[in-house]
Amino acid sequence: MAFALACAVPIALHAAPRAQAQASDKINKTYPYGGSVEGLLTADDATFNAFAEKVRDDLNWITDTHIITDRPALRAILGVRLAMQVLSGHEDSAALFTVTQIRNLEDKADARQTMGYETEALLKARLQTGEEAGPDVAHAYRRILRADIEALPNAIGAEEVKRAKLRELASPAALIGSVNALIGPSAAQSHVLTAPQAWELISARMSLKTIIPLRDDTEQALAGLSVADAAPGPDIWSAREVTLTAEDHLTPVLIAIWDSGVDLTQFPGLVYTDAAPAAGAGPHGLAFDLKGAPTQGDLLPLTAEQAARFPDFVRELKGFTELQAGLDSPDVDALKVKFRALTSTQFAGELERLSLYDGYVHGTHVAGIAVHGNPAARLAVARLTLDWHIIPDAPTEADSDRSVADFQAYVRWFRDHHVRVVNMSWEETQGLILGALDKTGAGSSQQARFDLAKRLFANETAGLRKALASAPEVLFICAAGNNGADAKALKGIPASLDLPNLLTVGAVDQAGAESTFTDYGQAVKVDADGVDVDSTLPGGFRAKLSGTSMASPNVVNLAAKLVALDPALTPQEVIGLIEAGASASADGRLHNIDPKRSVELLRKQIAPAPPHQVSGSPPAHS
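Everything numeric here is computed off the predicted structure, so don't read it as measured data. (Residues numbered from 1 in each chain as written. Predicted model: local features only at pLDDT ≥ 70, side-chain atom pairs only at ≥ 80, totals over all residues. Heavy atoms only, no water.)

### Things to note about empty space enclosed by the protein
Then, number 1: Tallied over the full model, the rule gives two cavities of 30 Å³ or more.
Then, number 2: Contributing to the lining of the largest cavity are Ser186, Ser190, Val192, Thr194, Gln197, Asp438, Gly441 and Arg449.
Then, number 3: Only α10 (184-190) and β3 (192-194) provide two or more residues apiece to the lining of the largest cavity.
Then, number 4: By residue class, the composition of the lining of the largest cavity is one nonpolar, five polar and two charged.
Then, number 5: Space inside the second largest cavity adds up to approximately 30 Å³.
Then, number 6: Glu427, Ala480, Asn483, Ala487, Leu490, Gly492, Ala495 and Asp519 are the residues that line the second largest cavity. (1 Å grid on protein atoms, 1.4 Å probe; cavity = no way out; pocket = protein on both sides within 12 Å on 5 of 7 lines; lining within 4 Å. Points joined across faces, edges and corners; volume = space filled by probe spheres on them. Helix = DSSP H or I, 4+ residues; strand = E, 2+ residues; numbered from the N terminus. Nonpolar A, V, L, I, M, F, W, Y, C, P; charged D, E, K, R; others polar.)

Here you go:
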């Protein structure tokens, strides 16, 4: 089905607003068009504006006649309104007000300060110069953007510089290629755009006409302002780290990485081996193919060509990291040259290649985090196969039922093999399923696709909940997700499930501050390091990746160490120790794990009672 990893290769693509609500017939509305989506995206102003005005009328009708309490949906609607105001060239004051409206709807404090800051700088520059474009506007834009970034708090400024640096890779061809790849195929079949697709196209048009032409000006505005100049603060994690040794009298603890696959050769002495695997299983766990059928292999097999190109991908990851850090290097230069030279046709292939390798490295990187500093760890693999293709297979009822059966098979294996802790750095949402249906043009209409996505997601939500609940002795730890939204409201699985043996983890940076991408809210019980986390890749390479995917195994690492020290602990007791050891932020929003404190709490519990108790004193342990 339409699973997504809670980590992403940091490529700078156009980010389009998406609605979370589908209740209104105006949101479910479709827009007929002739030609291609590329033709519409790059059309003359008169042609594009005629299309955009129809969308504007529908959005105005929604906001005039509905009280929208779904904050993400309202932000998406206002985001499209903002794009149309910017494109008009004569609504700059109104557009600035819309920026303020969107910021006021943000739940995160940093987003309330930074949302749309490049667009805001452009609007201010237009108002100051009285011009829509030209050298004077560009000069004013550079000055305003620099001042706005420098005025941000250090940690927030650092993150914004990182994101802006990645946008140096953007080009018109890359934007057109991503639109062709993500919207074009389904639109070509149906000759209509769904409302979310129309919204994406309008936002892409704004980027194409206003933001990308200022790419070099943005780069100049940030020149000399590196991430180090806006450092996020001291590293809190080294002081909290716990490294176990054989002197700690450890019991081996079995950890399953339910992910895209693991290169177990990178973890000698830390691998679980089943001496007599059951039919359909491997010596180290289970694997299912793209259609949910049993397969073999701990890691996705690459073709000879894909394997030969993998080192190039690793060099690009290094280039991404160095670019974000504001460094000049041969890898950064090569990255810029490559991505700026891609044609729109080539870009779709590049997206597929990055998606393939993202899945290929993900599970191994997660596993390296999970076992660090724990000689008692024993890794098992629960491999799911991710579809990296731009146009996936259309999800069906049969696929959904197979996914539910696979959930049960995975958990049965965990239970039968006495797995103690499972990492789940992936998510599925109704929106992901709907997106796959939209891309393939499945169903007779947008409403039919929405209804099918709703049924499939409900089936899989119930199936996963039942499977996890069937193994109360297993602790499942999952990534909150990287949508920057309330995990409970998004209803993604597994993060939003409420079970006594499930713990959902958000991501913070090295200083313990909330990351810009992490999901949050009532479902997220603890937070851990998820920004630029160094770990292993297949083949022995290393890389720093970011995401709640990286935060989750940091908590798995702590949980497994607690179990290795005291194998009698139940999942609920492990969760209790992790939560009790965590340090809360001043506003109570974050609960950063503290492995050293949690281990100290455990040691106090299992310490033998002193030989003599003072009369009336409490026992040393219960």
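### Quick word on the pairing of strand β10 (residues 502-508)
Then, number 1: By the criterion of burial, β10 is predominantly enclosed, with seven of the seven residues buried.
Then, number 2: With burial as the criterion, each face of β10 is covered, one bearing Leu502, Thr504, Gly506 and Val508 and the other bearing Leu503, Val505 and Ala507.
Then, number 3: Pairing of strand β9 (residues 475-479) with β10, which is carried by four bridges, proceeds in the parallel orientation. Counterpart to Ala479 in the pairing with β10 is Val505.
Then, number 4: As defined by bridge partners, β10 adjoins strand β11 (residues 526-529) across four bridges and the pair is classed as parallel. Each bridged residue has a counterpart across the sheet, and for Val508 the counterpart in β11 is Asp529. (Buried < 20%, exposed > 50% of the residue type's maximum accessible area, 1.4 Å probe, protein only. Pairing = 2+ DSSP bridges.)

### As for the packing of helix α22 (residues 571-581) against helix α23 (residues 595-606)
Then, number 1: Relative orientation of the contacting elements α22 and α23 amounts to 125°, with a least axis distance of 8 Å. In terms of orientation, α22 lies oblique with respect to α23. Pair α22 / α23 crosses with right-handed handedness. Seen from α22, the contacting residues are Leu577, Ile578, Ala580 and Gly581; seen from α23, they are Arg597, Ser598, Leu601, Leu602 and Gln605.
Then, number 2: In terms of residue class, the contact of α22 with α23 is built from five nonpolar, three polar and one charged. (Axes fitted to C-alpha atoms, helices over the stretch in contact; angles between N-to-C directions. Parallel < 35°, antiparallel > 145°, perpendicular 65-115°, else oblique. Left-handed = near helix turned anticlockwise from the far one by under 90°. Contact = heavy atoms within 4.5 Å.)

### Here's the deal with the packing of helix α14 (residues 304-324) against helix α16 (residues 344-371)
A packed helix pair is summarised by two numbers, namely the angle formed by the two axes and the spacing between the axes.
Then, number 1: Two numbers describe how α14 lies on α16: the axes approach to 11 Å, and their chain directions differ by 90°. One finds that α14 runs roughly perpendicular with respect to α16. Between α14 and α16, the contacting residues are Gln306, Arg309, Phe310, Phe313 and Glu316 on the first element and Glu350, Arg353, Leu354, Leu356, Tyr357, Asp358, Tyr360 and Val361 on the second.
Then, number 2: Residue composition of the contact of α14 with α16, by class: seven nonpolar, one polar and five charged.

### Examining the packing of aromatic side chains
Then, number 1: According to the stated counting rule, one finds 17 aromatic pairs in the structure shown.
Then, number 2: With centroids separated by 6.1 Å and ring planes inclined at 50°, the aromatic side chains of Phe320 and Phe339 adopt a geometry described as tilted. With a gap of 19 residues between them, Phe320 in helix α14 and Phe339 in helix α15 (residues 330-341) connect regions that are remote in the sequence.
Then, number 3: On the basis of relative accessible area, Phe320 is assigned to the buried category, the value being 1%.
Then, number 4: Owing to a relative accessible area of 1%, Phe339 belongs among the buried residues under this scheme.
Then, number 5: An aromatic cluster of at least three residues, connected via ring pairs, comprises Trp258, Tyr272, Phe288, Phe407, Tyr410, Trp413, Phe414, Trp426 and Phe476.
Then, number 6: Positioned above the aromatic ring of Phe48 is the side chain of Arg205, whose terminal nitrogen or guanidinium carbon lies 4.4 Å from the ring centre.
Then, number 7: One cation-aromatic arrangement involves Arg589 over Tyr520; the distance from NZ or CZ to the ring centre is 4.5 Å. (Phe/Tyr/Trp six-rings, centres within 6.5 Å; stacked < 30°, edge-to-face > 60°. Lys NZ or Arg CZ within 6 Å of the ring centre and 35° of its normal.)

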